[in-house]
Amino acid sequence: MRLAINIDHIATLRNARGEQEPDPIAAALLAEKSGAAGIVCHLREDRRHIKDNDLARLRQAVTTKLDLEMAMTSELQQIALNTKPELITLVPEKREELTTEGGFDIVRHFAVVTEFLKPINAAGIEISLFIEPDLHAIELVAKAGADIVELHTGRYALLHDKAKAEELTRIREAAAYARSIGLKVVAGHGLHYNNIAPFREITDIEEVSIGHAIIARAVMTGLDEAVKEMIRIIS
Ligand code: PXP
């Protein structure tokens, strides 16, 4: 199973000071060097973390696979066509949300999304849709012309005990169905060091997309060295 890393939080931290550091592009290169199979960034309509210039620089720097997460707007469609990431992931987007809170509603938007994806497909960019693990929705993802389905694991991450096990079964069945109709399968959202293990058994899922857990862990594992380095300088 491959790991794609979402680097949006690095940009959030940088933007807190409005300066240059930490640089999401440097973080992307480090993640690639450490074995990440792809770099994911979400250019939100409000540009709250990744900015247009970050995306342009990421396009230049990333050598594995750049995945642009985006909402279904004509502005983002044009940016995708100009930037040519290897992959776009269509996600729903609400301004007030802290993170992508649910899957893309393919049932409601099927006709519009099918048209929206045509030029992106024609440009040779792979297409993924981020949806809840629902069989009918997966069927529509394939019909809309996407190559990949990313199953939303946010509910799995939040649930406990029996409900968590049931949600995992839903994800496993959704992944098997998606593969059987020719889609590649990715999973993401809320995956963590302490809840990822069962995914190793789900062989239909070929990649996981993780941001928060890894960036949060990196801060804590890196703090020790960062403090010591400063103490060495001032001593
Ligand atoms: N996949 C998609 C489509 C997302 O929107 C996000 C969150 O930005 C992730 C994966 C990663 O989620 P997390 O930050 O919880 O690992």
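See the structure shown above.
Residues numbered from 1 in each chain as written. Predicted model: local features only at pLDDT ≥ 70, side-chain atom pairs only at ≥ 80, totals over all residues. Heavy atoms only, no water.

Draft legend 1. A look at the site of the ligand. Near the ligand, the surroundings consist of 13 residues, among which Glu-69, Glu-150, Gly-190, Gly-211 and His-212 are the closest. Gly-190 is positioned such that a nitrogen or oxygen atom in its backbone is 2.8 Å from an oxygen atom of the ligand. At 2.8 Å from an oxygen atom of the ligand is found a main-chain nitrogen or oxygen belonging to His-212. Notes on the ligand: free accessible area 400 Å², of which the protein chains cover 92%. Looking at side-chain class alone, the shell around the ligand contains three nonpolar, eight polar and two charged residues. (Near = heavy atom within 4 Å. Polar contact = N/O pair within 3.5 Å; in protein donor to acceptor, adjacent residues only side chain to side chain. Areas by Shrake-Rupley, 256 points an atom, 1.4 Å probe, with all protein chains shown as cover. Nonpolar A, V, L, I, M, F, W, Y, C, P; charged D, E, K, R; others polar.)

Draft legend 2. Here's a closer look at the side chain of Ser-128. Along the chain, Ser-128 turns up in strand E5 (residues 126-131). Those residues in contact with Ser-128, other than ones at most four positions away along the chain, are Leu-87, Ile-88, Thr-89, Leu-90, Ile-148, Val-149 and Glu-150. (Helix = DSSP H or I, 4+ residues; strand = E, 2+ residues; numbered from the N terminus. Contact = heavy atoms within 4.5 Å.)

Draft legend 3. Summary view of helix H8 (residues 161-180). Relative to the 28 Å expected for 20 residues at 1.5 Å per residue, H8 spans 29 Å between its end C-alpha atoms, a close match to the ideal helical length. Taken as a whole, H8 has its buried residues at Lys-164, Glu-167, Leu-168, Ile-171, Ala-174, Ala-175 and Ala-178. One face of H8 carries all of its buried residues, which in axial projection span an arc of 125°. Turned more than 90 degrees away from the buried face of H8 sit Lys-162 and Ser-180, all of them exposed. One or two positions beyond H8, positive phi appears at Gly-182, with a value near 95°. (Expected span 1.5 Å × (residues − 1). Buried < 20%, exposed > 50% of the residue type's maximum accessible area, 1.4 Å probe, protein only. Arc of directions from axis to C-beta.)

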